[in-house]
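# Tertiary structure, described
In case you want the letters, here they are:
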Amino acid sequence: MPPSPTAKPKIAIVTRDEEGMPLQLFLAGRLGVANRAAKAMIDARIVWVNRKLVWMAHHPLKPGDKVAFVVQRSTGAQQNKSLESRPHLRILWQDDAYLAIDKPAGVLSQGKDSAEDILRTQEHNPTIQAVHRLDRETSGVLLFAKHAEALEAAIAMFKTHRVVKFYAALAAGGVERLASTLTETLDGERAVTHMKRLQSNAEASFLSLRIETGRTHQIRRHLAGIRHPIIGDRQYGVKHASDPRLLSVTRQMLHASELELPHPLILGQHIKVHAPLPADFRAALKLFGLGKRRR
């Protein structure tokens, strides 16, 4: 799991003897970890050199360079954890056909050691399948089908655009408009994101977003396109940390807060699930002088 977003980053200053040393070797030596572990930190995009995000393992260092990072809680040994030590996923709602969980950040939706994989063991049901996906670092509501018929019906429902999805995001900079709609085309496809400002100051904005379409990384790309990228987003976000608080946020502050849709198998019924903001999101809001508000 990622470290707390309020954790103070550690800073190591490059000495003359370390001139020209690749970033990976520098981190491995200073932290006393294997090169593989140092490379994993760089790949996770949580290492900054002179407040610039660096994701090249062989980036050469100069004397006086300031290398900033937050030490991860997990180690290589912990990453190979047993089934017994896997996280217990909190179920927010369920019936005979579906269940919805509050997915933690850092957990994949599908694949090995994913939420889907964990749920199959946790619920003693090998037929559980994810209906949709959230990015690894996005937390919040994730819907699963308990059997094949339920999955097929839910996928068909998602294609009708009758599914309502709300997200909470912490974005860089002060968003001026109280509400707006972002319609920038993504990958040649129509993409629509409705944005509402909940709180804002000069450094950050707390936003509620509703998406009509589900393009890859839609919210992250739309917000980056208006120069208010999600804080902690290492792919589309801030690459130069003029604000030192950005060094502490090690995952994208995006949370799937609500999911609502007609029940795919029961006419006249609706599924509506809400996931409260996780502790790390609330801590990041506090870090930037913002607080939780209901949309």
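Throughout this document, residue positions are counted from 1 along each chain, in the order its sequence is written. Reporting in this predicted model follows two pLDDT cut-offs: at least 70 for local features of residues, and 80 or more for side-chain atom pairs to be given and counted; totals over whole chains, interfaces and linings ignore these cut-offs and use all residues. The side-chain figures draw on all heavy atoms in the structure; neither hydrogens nor water molecules are used.

## Comments concerning the packing of helix α1 (residues 23–31) against helix α2 (residues 35–43)
Each axis is a line fitted through C-alpha atoms, and for a helix only the stretch in contact is used; angles between axes span 0 to 180 degrees, taken between their N-to-C directions. Secondary structure elements are defined from DSSP: runs of H or I of at least 4 residues count as helices, runs of E of at least 2 residues count as strands, and each element is numbered from the N terminus. Between α1 and α2, the least distance of the axes is 8 Å, while the angle of their chain directions is 115°. Read as a crossing pair, α1 and α2 show a hand that is right-handed. Side by side, α1 and α2 meet where L23, Q24, L25, L27, A28 and L31 of the first sit next to N35, R36, A38, K39, M41 and I42 of the second. In the scheme used here, Gly and all other residues not listed as nonpolar or charged are polar, with Ala, Val, Leu, Ile, Met, Phe, Trp, Tyr, Cys and Pro taken as nonpolar and Asp, Glu, Lys and Arg as charged. Its residues assigned to classes, the contact of α1 with α2 shows eight nonpolar, two polar and two charged. By definition, any crossing whose near helix is turned counterclockwise from its far helix by less than a right angle is left-handed, and any crossing with a clockwise turn is right-handed. Should any heavy atoms of two residues lie within 4.5 Å, those residues are considered in contact.

## Side note on the sheet that holds strand β4 (residues 66–69)
One requirement defines pairing of two strands: DSSP has to find at least two bridges between them. One open sheet holds the four strands; their spatial order is β1-β4-β2-β3, and the pairing between them is antiparallel. Every other strand in the sheet has two partners, leaving β1 (10–13) and β3 (52–53) as the edge strands with one partner each. In the sheet, strand β2 (residues 47–49) pairs with β3 via two bridges, with the strands oriented antiparallel. Note that in β3 the partner of W48 across the bridge is L53. Where α1 meets the sheet, its contacts fall on β1, β2 and β4, and the angle it forms with β4 comes to roughly 70°.

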